[in-house]
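Architecture at a glance
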Amino acid sequence: MTTILQTALDLTEGKRALQIAEEAVKGGTDWIEAGTPLVKSEGMNIIRSLKKAFPDKRIVADLKTSDTGGLEVEMAAKAGADVVCILASADDAVIRDALRGASLYGVELMADMMNVKDPAARAKELAEMGVQIINAHVGIDQQMEGKNPLDLLEEIGKLGVKVAAAGGLTKETAAEAAEAGADIVIVGASIIKSADAEKAAREIRTAIDAPGAVKKRTISRDEEIYSILEEVSAPNVSDAMYRKGAMRGLSVRHVPKKMIGRAVTVQTLGGDWSKPVQAIDVCKKGEVLVISNDERCDIAPWGELATRSALFRGISGIVIDGAARDWDDIIELPIPVYAKAVQPNAGEPKGFGEINTEISCCGQTVRPGDWLIGDKSGVVVIPKERAYEIARRAAEVHRTEIRIRAEIENGDTLGSLQQLLRWEKH
């Protein structure tokens, strides 16, 4: 049996959803899902529109029903849905009523296993009750923290009914899901946020049809974080943190390349350059040196020789809450340096201060091991305990922008795509 490719249209704009669905179908999508955000935004009319546009495709209504099971199944079925999604965590009474509605109107029921405490036991119960499809789904917020639908798929196991896998699947993980026995592979962002949804869908279609051909690369968590941050921007990260984390006042910037790395922190006083220079030897390759001079900008704790030393040490970049000097020479070096001011005066190397302590730098708290990303827009601090999650969320922001950029280049405007008037407060 060929694995079914289902594209999840997790958007809020019906016009955009229909365009992306058309591209995805050309690329090999079998089933089209009106995602929960889309149904909440557009209502049952989006189901009608999808069925009219794609009469030969199965339309999935992801309602995530938790109550009034029969009523919501009826609404979706009458609008043109072939499959209706309910929450597996819903009460059995809701499931039974939804099944009665599904039987009456000739649709299939898909149970979403998101947030179920005992997935294997609940999946077995649902299959025995007559639910036709069990969806091993990991929600977006769980994905951001590293939860994997493939683990959930393995936990559920064989059930005698169709099993789907969903939750941040890429070409590689979609192939793994197919290889693990998923009858339906549900892909959202990797298709709908692509500049070319047809191409993305075709690549995933090819991957799930020949899963062994896609090789998985095993990397450490830090390597994965770094890899993601290489692809995104500092504004993407700020957006992922709900407009937080951005340093302020860094008006002096030399950015020959993007700066990414974990922080080595320095607290110094009055331009004393002893601890900042000592910290160069503490840094490992790829780390970022973050210096607090308590915002004092009339004396520089950093200059060209220190920058050159940091460069040859393999340091990713330097951030100074204070002044730098020798700027004519620094800007000739291929290492990012951010500062609040340029000042020729140097301090004295008296040894005041501390290395690898929590500091306040340019309006942000920075601790040893926190991640920083810097580009021409500025520098953002990422708390170390949330670095993977925030990097993943930034990647989603970046992918959304890729798709919107492509639509703008095809003649749409940002205002029309975002339906700004529709969402204005009244």
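Residues numbered from 1 in each chain as written. Predicted model: local features only at pLDDT ≥ 70, side-chain atom pairs only at ≥ 80, totals over all residues. Heavy atoms only, no water.

One finds Leu 9, Ile 47, Leu 50, Leu 109, Met 113 and Val 185 to be the most contacted residues of the largest nonpolar core, which totals 64 residues. Those residues in contact with Met 113, other than ones at most four positions away along the chain, are Ala 88, Pro 119, Arg 122, Ala 123, Leu 126, Ile 134, Asn 135, His 137, Leu 152 and Ile 156. Within the second largest apolar cluster, 21 residues are counted, among which are Trp 302, Ala 306, Ile 330 and Leu 333. (Core = buried A, V, L, I, M, F, W, Y, C linked by side-chain atoms within 4.5 Å. Buried < 20%, exposed > 50% of the residue type's maximum accessible area, 1.4 Å probe, protein only. Contact = heavy atoms within 4.5 Å.)

For the rest of this paragraph, the subject is the pairing of strand 10 (residues 259–267). With respect to burial, strand 10 is a largely interior element, eight of its nine residues being buried. Where strand 10 lies against strand 17 (residues 371–375), four bridges are found, and the strand directions are antiparallel. In the sheet register, Met 259 faces strand 17, and the bridge partner there is Gly 374. In terms of strand pairing, strand 10 meets strand 11 (residues 288–292) through five bridges, oriented parallel. Looking across to strand 11, one finds that Gln 267 is bridged to Ser 292. For the crossover that starts at strand 10, traverses helix 14 (residues 274–282) and ends in the parallel strand 11, the hand is right-handed. (Helix = DSSP H or I, 4+ residues; strand = E, 2+ residues; numbered from the N terminus. Pairing = 2+ DSSP bridges. Right-handed = clockwise from strand over helix to strand, strands pointing away.)

All told, the structure shown has 30 salt bridges when counted by the stated rule. We note a salt bridge from Asp 222 to Arg 262, for which the minimum N-O separation is 3.0 Å. One end of the pair, Asp 222, is in helix 12 (residues 221–231); the other, Arg 262, is in strand 10, with 40 residues separating them in the sequence. Using a relative accessible area of 34% as the deciding quantity, one classes Asp 222 as partly exposed. Residue Arg 325 is joined to Asp 326 by a salt bridge in which the shortest nitrogen-to-oxygen separation is 3.7 Å. Taking the relative accessible area as the measure of exposure, Asp 326 reaches 31% and is therefore partly exposed. Counted as one network, the salt bridges with shared partners bring together Glu 13, Arg 16, Glu 23, Arg 403 and Glu 407. (Salt bridge = Lys/Arg side-chain N within 4 Å of Asp/Glu carboxyl O.)

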